[in-house]
Amino acid sequence: MHERLSVWGHLWRHAVIWLALAFAFFPVVWVVSASFDGSNTLVQQQIVPIVPTLDNYKMLVQEPRYPFFTWMWNSLKVATVSSSLSVFLCALAAYAFSRFRFRGRRGGLFALILVQIFPQVLAMVSIYLLLLSIGRYIPALGLNTHAGLIMVYLGGAIGINTWLMKGYFDTIPRELEESAFIDGASRFATFTRIVLPLARPILVVVFILSFIGTYSEFILARVLLQSNEQLTLAVGMNLFIGDQYARRWGVFSAGALVASLPIVLIFMLMQRQLIAGLTQGGVKG
Amino acid sequence: MPQTIVRPPGRRRVARGLPGGWGFYTRLAALSAFDAVVLPFVITLFRDQEYALAGAVGIALLLINFVVLVERAYPLRYLLPGLLFMGALVVYPAIYNIYVSFTNYGTGNILSMQQVIQQLEAQTYAPPGAPRFPYAVFETEQGERTLLLTAPDGRLLVTVGHRVVPLAHVSGPEAVGLPEDPGFRLDVTVDENGNVVRIGDARRLERREVLQRLSALQHLELDMDGTRLRLADANNFQALSPRYTYNRAENVLVDNATGVVYVPKDGFFTSPDGERLLPGFRTTVGLANYVRLLTNPAIAGPFLQVFVWTFVWAGMSVVLTFSLGLGLALVLNHPQFKLKGLYRSLLIIPYTIPGFVSALVWRGLFNTEFGQVNRVVQALFGTVIPWLQDPFWAKVALLIVNLWLGYPYMMIVCLGALQSISPELYEAAYCDGARPWQRFWHITLPLLMTSVAPLLVSSFAYNFNNFTVIYLVTRGRPPIAGAVTPAGATDILISYTYRLAFESGRGADYGLAAAVSLLIFFIVGTITWLNFRFTRAFEEVEHSA
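Residue positions within a chain follow its written sequence, with the count starting from 1. Ligands are numbered from 1 and chains lettered from A, in the order in which they are written. Residue-level local features of this predicted model are given only where pLDDT is at least 70; pairs of side-chain atoms are given and counted only at 80 or more, and the full residue set underlies all totals for whole chains, interfaces and linings.

Helix and strand assignments come from DSSP, with helices taken as H or I runs of at least 4 residues and strands as E runs of at least 2, each series counted from the N terminus. Scanning chain B from N- to C-terminus turns up 19 helices and 16 strands. In summary, chain B has a C-alpha radius of gyration of 37 Å against a globular reference of 24 Å for 545 residues, an excess of more than 25%. With respect to the principal axes defined by its C-alpha atoms, chain B has extents near 130 × 85 × 50 Å. By residue count, 32% of the 545 residues in chain B fall in the buried class. Only the C-alpha atoms count toward the radius of gyration. The rule for a globule is 2.2 Å times the residue count to the power 0.38. Residues are called buried when their C-beta atom has 20 or more other C-beta atoms within 10 Å, exposed when it has 12 or fewer, and partly exposed otherwise; all C-beta atoms are positioned from the backbone.

Right, here's the structure in full:
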């Protein structure tokens, strides 16, 4: 099919890739360099720092008005809790759709798909007003609370994740469950002891995808969180850098690298599983 | 596909040997306890006129009871937790959003009519013939202040906190007749003319000193057995009356000072002359928000620009990311090309960095004065580009950022799709003497499209609402000249919605924002639905259901 590559063929292909790599790494190189640059400014930044230092990283810990690691902790917490709950709730629902036959089942499956057409951010105004009202009665779930934000993320993720899982559950043979029934196991026990362990690959992929999505989510967090120490990384870092690129570039760059670390690591470790999942859903902000 | 369904063991045959009734009674007890907490909450919501919320919580409660009590609803026990969250935080807001788009909800019209009436009825005024109370001010060294008022009938009154109480006698230590504390005393000192000169440690201030304290005195509101007193002029306090009275039967508000009758209209109590009382209340306004959006030139003009740019943005983003992604995939896909795996891993790096981080970094790199992008431009072309100031270049900058963010996804997808194209097709084409670009146009692209097209459509829908990139790179700026709503040259519909609701200098306009988001919903909904139709996703659902 393909002709043999000539020397020129090799050369131009490598040249194209190197150009693309230059584009891909352009921001990365500058940010890594800035994070070690003592001048802490975008102005006249050199690609190799004149005075290499770790001061920017130290500033991340020390700056009390911009509690970077509090934000990071908030992001990790919100993402972990909402993704775990999401996996659990979706697995329950997917199990019901996959194994039970009941009235309204088909309608329910369609409803899941239809709801997914409506992106949750479109309703940000009413979500804001809803949490405002809830907060009057249950302050712990109102505006500016992590529980409230987790609740919102959880609601938005149910539809698509249930579908992904239902598809996988359908492929798990029922014979295993049937023999468990015969041995006298209850419905719920077969679900937790047999189906869930077998479905681990999809549970992991759904967890990771929703973790990445939540960790990077900006708009709802921005609308719902208000006080400085409650912010997630996305909102906090936007606040921190503002228009201060001439004065905070170095510290911001150090923060940007630390903030990206968990997600980049997850991608590196799970590349193969994620790529398969991404081509189906494409969930990343 | 035929399915063999073994009857589930059924709830009645409990596995662990528990007596059958037990589980049921435990459940019943837990449910009662739950209902006992939630039911009063629903009633409270109703009483506070939060009807939508009360209805939603009520329905959820009913569902929970149904599912726990009715054996037949067993499958729903697995479904309900997820469905409740989805209902509460996706479906309910979506419906409420429709309602809000038909209201004037926003700054100036935040409160319900009930609350506004309460606020207006609490306002007071001093009717012209109201009794006047000349006063004197007494102050201790520490600045604690007591006022001595003279009633129109000549009785003397003193202030205790904000309360005004009669002074029984004007000489020596006297009981002041506080109802709840009869023993409360004020040591009043009188000079030879019968004028009070000291109350306790507080000395009577000179007129000059009183005048210096007028601004503080103006803010005082004293309470004399329910009648409120306020400073009327430099020398007198005056009794106040409620300014407005609400007439429930006729649903009008009467101004007691002028006799003007205010009628609720478009969210404000309005006089026959069209004068409006503040604050306004929230009320339905029919299609007013949609009409404004489409006909008010100061809103419709910028809205149209935002609307068009949203489509350009989403379309160009897909075309650019797909072109680059496909190009790189084609280059990498040659079997004799070396280092393919390494290059692929490196090229997807932009995709692994959280979007908000990349967007904020690029915002810095595109800085016109100091940014690294302009340094490269300067070196190549000897000039700089006003990336974030000029509407055109701001759009170019955004597309470059989104190209950077999005091409790896397209590359991954295309690499996968290219693998699945059968090599025989190429061999046949090669034998027939097709040139490389002919093979691309007639084999690669059409076959690729069958599997990639749906992803391109979802990518379009995703970028249609890609708030993070727009907002974090340009914040929607530069502003559109002459717009009365916060509309910027690079705003897309979703960021425009956000700014209408939460960042407008003229106050929030939730109603208009909700109307815009409903429009977006129809556009995105239509696109997604068509996508489903063409890719037969519905049939797939039908099939797998």
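Turning to the overall build of chain A, a few remarks are in order. A count of helical and extended segments in chain A gives 12 helices and 0 strands. When the helices and strands of chain A are read in sequence order from the N terminus, they spell out α-α-α-α-α-α-α-α-α-α-α-α. For chain A, whose C-alpha radius of gyration is 24 Å, the value lies well above the compact-globule estimate of 19 Å for 285 residues. Across its three principal axes, chain A shows a C-alpha extent of roughly 75 × 70 × 35 Å. Any two residues are considered in contact once their C-beta atoms, placed from the backbone, lie within 7 Å. Residue pairs in contact within chain A that sit at least 24 positions apart in sequence constitute 73% of those at least 6 positions apart.

Further remarks concern the environment of Y57 of chain A. With respect to the helices and strands, the residue Y57 of chain A is situated in helix α2 (residues 55-62). C-alpha separation for the pair Y57 of chain A and G255 of chain A, spaced 198 residues apart in sequence, amounts to 7.4 Å.

Right, let's get into the interface of chain A and chain B. Taken together, the contacts link 85 residues of chain A with 85 residues of chain B. In terms of residue count, the dominant contributor to the side of chain A that touches chain B is helix α12 (residues 245-280) of chain A (12 residues). Under the scheme applied, nonpolar residues are Ala, Val, Leu, Ile, Met, Phe, Trp, Tyr, Cys and Pro; charged residues are Asp, Glu, Lys and Arg; polar residues are all the others, including Gly. Residue composition of the side of chain A that touches chain B, by class: 61 nonpolar, 17 polar and 7 charged.

All names here are of chain B. Orientation is described by axes fitted as lines to C-alpha atoms, over the contacting stretch for helices, and by angles from 0 to 180 degrees between their N-to-C directions. Contact pair helix α8 (residues 297-332) / helix α15 (residues 436-464): the axes reach a minimum separation of 9 Å and the direction vectors enclose 135°. Relative to α15, the element α8 is oriented oblique. Both α8 and α15 take part in a crossing whose hand is right-handed. In this structure, α8 contributes T310, W313, A314, G315, S317, V318 and F322 to the contact, and α15 contributes L456, S459, F460, N463 and F464. Under this scheme an angle from 65 to 115 degrees is roughly perpendicular, one under 35 degrees roughly parallel, and one over 145 degrees roughly antiparallel; angles in between are oblique. Crossing chirality is assigned from the near helix's rotation relative to the far helix, an anticlockwise turn below a right angle marking it left-handed and a clockwise turn marking it right-handed.

Our focus in this paragraph is the domain arrangement of chain B. Taken as a whole, chain B is organised into domain 1 (20-101), domain 2 (112-123 + 243-286), domain 3 (125-242) and domain 4 (295-544). Centre-to-centre, using C-alpha coordinates, domain 3 of chain B lies 72 Å away from domain 4 of chain B. Either an automatic procedure or a domain database provided the assignment from which the domain bounds are taken.

Counting buried positions along helix α17 (residues 493-502) of chain B gives 9 out of 10 residues, so the element sits mostly inside the fold. Where α17 of chain B is concerned, the buried positions are L493, I494, S495, Y496, T497, Y498, R499, L500 and A501 of chain B. In this structure, the buried side of α17 of chain B is in contact with α5 (124-137) and α10 (219-224) of chain A together with α8, α16 (467-473) and α18 (510-535) of chain B.

Of note, P297 of chain B is situated in helix α8. Linking P297 of chain B and G482 of chain B, residues 185 residues apart in sequence, is a C-alpha distance of 9.8 Å.

It is worth spelling out the nonpolar core at this point. Here, a nonpolar core denotes buried Ala, Val, Leu, Ile, Met, Phe, Trp, Tyr and Cys residues that are linked to one another through C-beta atoms within 7 Å. Within the largest apolar cluster, 183 residues are counted, with the highest numbers of intra-cluster contacts made by M124, V125, L220 and L224 of chain A. Once you skip the residues sitting within four places of it in the chain, L224 of chain A turns out to touch Y128, L131, L143, G148, L149 and V152 of chain A. Core analysis: the next-biggest nonpolar cluster, separate from the first, contains 16 residues, F133, V137, A202 and L231 of chain B among them.

Attention now moves to the pairing of strand β15 (residues 261-265) of chain B. Residue and element names in this part refer to chain B. As paired elements, strand β14 (residues 252-255) and β15 share 2 bridges and run antiparallel to each other. Opposite V254, over in β15, you have V261 as the bridge partner. Between any two strands, pairing holds if DSSP finds at least two bridges. Counting the residues in the hairpin turn of β14 and β15 gives 5 residues, including G259, whose phi is positive at 80°. Bridge count between β15 and strand β16 (residues 268-270): 3 bridges; the pairing is antiparallel.

A few words on the environment of N238 of chain A. If you trace the backbone, N238 of chain A turns up in helix α11 (residues 233-241). Placed 14 residues apart in sequence, N238 of chain A and F252 of chain A show a C-alpha to C-alpha distance of 9.7 Å.

Here we take up the pairing of strand β11 (residues 227-231) of chain B. Residues and elements named next belong to chain B. Strand direction decides the pairing type here: strand β10 (residues 222-224) and β11, joined by 3 bridges, are antiparallel. From the neighbouring strand, M224 faces β11, where its bridge partner is T227. Counted between consecutive antiparallel strands, the loop separating β10 from β11 contains 2 residues, among which D225 sits at a positive phi close to 45°. Between β11 and strand β12 (residues 236-242), which follow one another and run antiparallel, lie 4 residues.

We now examine the sheet that holds strand β13 (residues 244-247) of chain B. Residue and element names in this part refer to chain B. Strand order across the open sheet formed by 4 strands is β13-β14-β15-β16, with antiparallel pairing between neighbours. On the outer flanks of this sheet lie β13 and β16, each paired with one strand and no other. Within the sheet, the average angular offset between the axes of one strand and its neighbour, ignoring direction, is 35°. Against the sheet, helix α4 (residues 113-121) makes contact with β13, β14 and β15, and its axis sits at roughly 145° relative to β13, the strand it touches most.

This part is about unusual backbone geometry. Across the junction of L278 of chain B and P279 of chain B, the peptide omega takes the value -5°, indicating a cis bond. Position of P279 of chain B relative to the elements: it lies in the loop between β16 and α7 (288-295). A cis amide bond links R477 of chain B to the next residue, P478 of chain B, at an omega of -5°. Of note, N144 of chain A is a non-glycine position whose phi angle comes to about 65°, a positive value. Among the structural elements, N144 of chain A can be located in the loop between α5 and α6 (146-171).

Once that is clear, we can look at the packing of helix α1 (residues 7-35) of chain A against helix α11 (residues 355-365) of chain B. For the pair α1 of chain A and α11 of chain B, the least separation of the axes is 10 Å and the interaxial angle reads 85°. Here α11 of chain B runs roughly perpendicular to α1 of chain A, going by the angle between their axes. Packed against α1 of chain A, whose contacting residues are P27, W30 and V31 of chain A, the element α11 of chain B presents S358, V361, W362 and L365 of chain B at the interface.

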